Amino acid sequence: MAASSLLPDLRTSAATCLTDSHGRVIHDLRVSITDRCNYKCIYCRTGENGAQYPELRIDEYLRLIELFVGLGISKVRLTGGEPLLRRGLLDLIRELARLRTIDGEQLDIALTTNGHLLAELAQPLRAAGLHRVTVSMDAVDEEVFQRITRVPGSFQAVLAGVRAARAAGLTPLKINCVLLRGFNDDQVEGFARFARAEDVAVRFIEFMPLEEGRLWSPEIVVPLKEIVERIGRVLPLKPLPARDPSETARRYTFADGVGEIGIIAPVSEAFCGACSRVRLTSDGKIRTCLFSQIEHDLYGRLRAGESIGELRDYVVRTVQGKEARHHIGEPGFLKPSRSMVHIGG
């Protein structure tokens, strides 16, 4: 795949980084490259519907990503659905690895996956230029894990993928666990031990109203404070400083300094004020927040033949309108039109 010619034009014309109307600098782009997934996690989707939105060509994703990089994006995370299902993924990563930020630095390239196909792909991903990977893994008990994914043999496949990714150098390796009370919250202490045994950073994520089945309620959320207290009773924790002002996780290590736990608490302790993210869906729509009610059709404008300057101005205007915060738990809160699996993490 030949690299597009968009980037040089943008880098010479982009004067400042993307900034929204609330003064937040946007430097992190999440790109869903497929709406397909090989899991049917019961907290995420009903399992009755597959992909609902189309995919772009790999070269089209590259053109859109270059547009953002030319405007100051320095971090790109590839998501899905399940991105390892996407043909051409390695080609896309190779091309992204050639890009440079407007400061001339290497682009930070990461990927979020369910890990089922990672064992065979970890080394090729690293060789293509991927820097690190996050694996979604919602239980460390094999039976519970398989009940969640509804895929036989899923736990052993993901465990092999985690170990292959670590061996390939796709580190720091993060494990994302979405907690639901009465569903998998009995896995908390087990995940703390897993973090130490497997040399990974476990990230617990509070359950948000983004599921396909629309079953969310505040009572299902396992809050940050409870997680810290429960782990601390078996493995004492001490807080770690944030690496970046826009970091979403509250970070902790264990008393002996071995291992790391993070907690992402968008419900109980929202971090919207430091948000640095914007998203592209698999069909090329900009979403300025997970909970946006409006999508912005960047790909449609590209296909219509708009000039580079017009596309750049459209991105700048769209980011300027980024929401100040979400309104989870407030009267009148509306869930987004797409569930998480169709937005991309």
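First things first, this report covers the structure right here in the doc.

Analysis parameters
- For every chain, the first residue of the written sequence is number 1, and numbering continues from 1 onward in sequence order.
- Local features in this predicted model are restricted to residues of pLDDT 70 or higher, and side-chain atom pairs are both shown and tallied only at a pLDDT of 80 or more, whereas totals for entire chains, interfaces and linings draw on every residue.
- In computing side-chain values, all of the structure's heavy atoms are included and hydrogens and water are not.
- For every residue, the accessible area obtained with a 1.4 Å probe (protein chains only) is divided by the maximum for its type, and the residue is called buried under 20%, exposed over 50%, and partly exposed between those limits.
- Numbering of helices and strands runs from the N terminus, with a helix taken as a DSSP run of H or I at least four residues long and a strand as a DSSP run of E at least two residues long.
- Whether two residues are in contact is decided by their heavy atoms: any pair within 4.5 Å suffices.
- Grouping buried Ala, Val, Leu, Ile, Met, Phe, Trp, Tyr and Cys residues that are joined through side-chain atoms within 4.5 Å yields what is termed a nonpolar core.
- Axis definition: a line fitted to C-alpha atoms, limited for helices to the stretch in contact. Angles are taken between N-to-C directions and run from 0 to 180 degrees.
- Here is the rule for angles: anything less than 35 degrees is roughly parallel, anything more than 145 is roughly antiparallel, 65 through 115 is roughly perpendicular, and the remaining ranges are oblique.
- In a left-handed crossing the near helix is turned counterclockwise from the far helix by less than a right angle, and in a right-handed crossing that turn is clockwise.
- When residues are grouped by polarity, Ala, Val, Leu, Ile, Met, Phe, Trp, Tyr, Cys and Pro land in nonpolar, Asp, Glu, Lys and Arg in charged, and all others, Gly among them, in polar.
- The rule for pairing is simple: two strands pair if DSSP sees at least two bridges between them.
- Here is the rule: rings of Phe, Tyr and Trp (six-membered ring for Trp) pair when centre to centre is within 6.5 Å. Planes less than 30 degrees apart are stacked, more than 60 are edge-to-face, and the remainder are tilted.
- Remark: a charge is flagged as sitting over a ring if the NZ atom of Lys or the CZ atom of Arg is within 6 Å of the ring centre and within 35 degrees of the ring normal.
- Call a crossover right-handed when, viewed with both strands pointing away from you, the route from the first strand across the helix to the second goes clockwise.

Of the positions making up helix H3 (residues 89-98), those classed as buried are Leu 89, Leu 92, Ile 93, Glu 95, Leu 96 and Ala 97. For H3, the secondary structure elements touched by its buried residues are helix H2 (58-69), strand S2 (75-79), strand S3 (108-113) and helix H4 (118-128).

Counting residues in each nonpolar core, the largest one holds 92 residues, and the members touching the most others are Phe 68, Leu 78, Leu 96, Phe 204 and Leu 298. Per element, the largest residue contribution to this core is eight residues, and it comes from H2. The residues touching Phe 204, leaving out its near neighbours within four places in the chain, are Cys 177, Leu 179, Val 188, Phe 191, Ile 227, Ile 231, Ile 261, Gly 262, Ile 263 and Ile 264.

Here the focus is the packing of H4 against helix H6 (residues 154-168). Running from N to C, H4 and H6 point in directions that differ by 20 degrees, and their axes come no closer than 8 Å. Accordingly, the angle class assigned to the pair H4 and H6 is roughly parallel. As H4 runs across H6, the sense of the crossing is right-handed. Between H4 and H6, the residues in contact are Leu 118, Ala 119, Ala 122, Gln 123 and Arg 126 and Ala 160, Gly 161, Val 162, Ala 164, Ala 165 and Ala 168, respectively. Partitioned by chemical class, the residues of the contact of H4 with H6 number eight nonpolar, two polar and one charged.

Time to look at the pairing of strand S6 (residues 201-206). When you tally the buried positions in S6, you get six out of six residues, the bulk of the element. Neither face of S6 is exposed, since Ala 201, Arg 203 and Ile 205 on one face and Val 202, Phe 204 and Glu 206 on the opposite face are all buried. When strand S5 (residues 174-179) meets S6, the two strands line up parallel, connected through six bridges. Pairing of Leu 179 across the sheet is with Glu 206, part of S6.

With mixed pairing, the twelve strands of this open sheet are ordered in space as S7-S8-S9-S6-S5-S4-S3-S2-S1-S10-S11-S12. Every other strand in the sheet has two partners, leaving strand S7 (237-239) and strand S12 (296-297) as the edge strands with one partner each. Across the sheet, H2 touches strand S1 (28-32), S2, strand S10 (277-280) and strand S11 (285-287), and the angle it forms with S1 is around 170 degrees.

One pass over the structure, following the stated rule, counts three aromatic pairs. Where Phe 145 meets Phe 155, the ring centres are 5.6 Å apart and the plane angle is 70 degrees; that geometry is what we call edge-to-face. Residue Phe 145 is located in helix H5 (residues 142-149), and its partner Phe 155 is located in helix H6; the two are separated by ten residues in the primary sequence. Residue class for Phe 145 comes out buried when judged on its relative accessible area of 2%. Note on Phe 191 and Phe 204: the rings are 5.9 Å apart at their centroids and 90 degrees apart in plane angle, and the pair reads as edge-to-face. With Phe 191 in helix H7 (residues 188-198) and Phe 204 in strand S6, this residue pair connects regions lying 13 residues apart in the sequence. As far as the burial class goes, Phe 191 and Phe 204 line up, both buried. Grouped by ring-pair contacts, the aromatic residues Phe 191, Phe 194 and Phe 204 constitute a single cluster. The ring of Phe 254 has Arg 196 lying over it, and the distance from NZ or CZ to the ring centre is 5.0 Å.

Glancing now at the pairing of S3. Burial runs high along S3: six of the six residues are buried. Here four bridges tie S2 to S3, and the two strands are oriented parallel to one another. In the sheet register, Lys 75 faces S3, and the bridge partner there is Asp 108. Remark: the S2/H3/S3 crossover connection has right-handed handedness. As defined by bridge partners, S3 adjoins strand S4 (residues 132-136) across four bridges and the pair is classed as parallel. Across the sheet, the residue bridging to Thr 113 is Val 135, located in S4.

Our focus in this paragraph is the environment of Ile 261. With respect to the secondary-structure elements, Ile 261 resides in strand S9 (residues 260-264). Ile 261 has contacts with Ala 192, Ala 195, Val 202, Arg 203, Phe 204, Ile 231, Leu 237, Arg 250, Arg 251, Tyr 252 and Phe 254, leaving out every residue within four places of it along the chain.

Geometrically, the link from Gly 80 to Gly 81 is a cis peptide bond, its omega value of 10 degrees lying close to zero. For Gly 81, the location among the structural elements is in the loop between S2 and H3. Going from Thr 171 to Pro 172, the amide bond is cis rather than trans, its omega being 0 degrees. Along the chain, the position of Pro 172 falls in the loop between H6 and S5.

Among the secondary structure elements, Leu 179 is positioned in strand S5. Accessibility expressed as a relative area gives 1% for Leu 179, which makes it buried. Through-space distance from the C-alpha of Leu 179 to that of Ile 205 is 6.3 Å; in sequence the pair is 26 residues apart. When near neighbours in sequence (up to four residues on either side) are disregarded, Leu 179 contacts Asn 184, Asp 185, Val 188, Phe 204, Ile 205, Phe 207, Ile 220, Val 222 and Ile 227.

So far we have only geometry, and geometry alone does not tell us how the molecule works.
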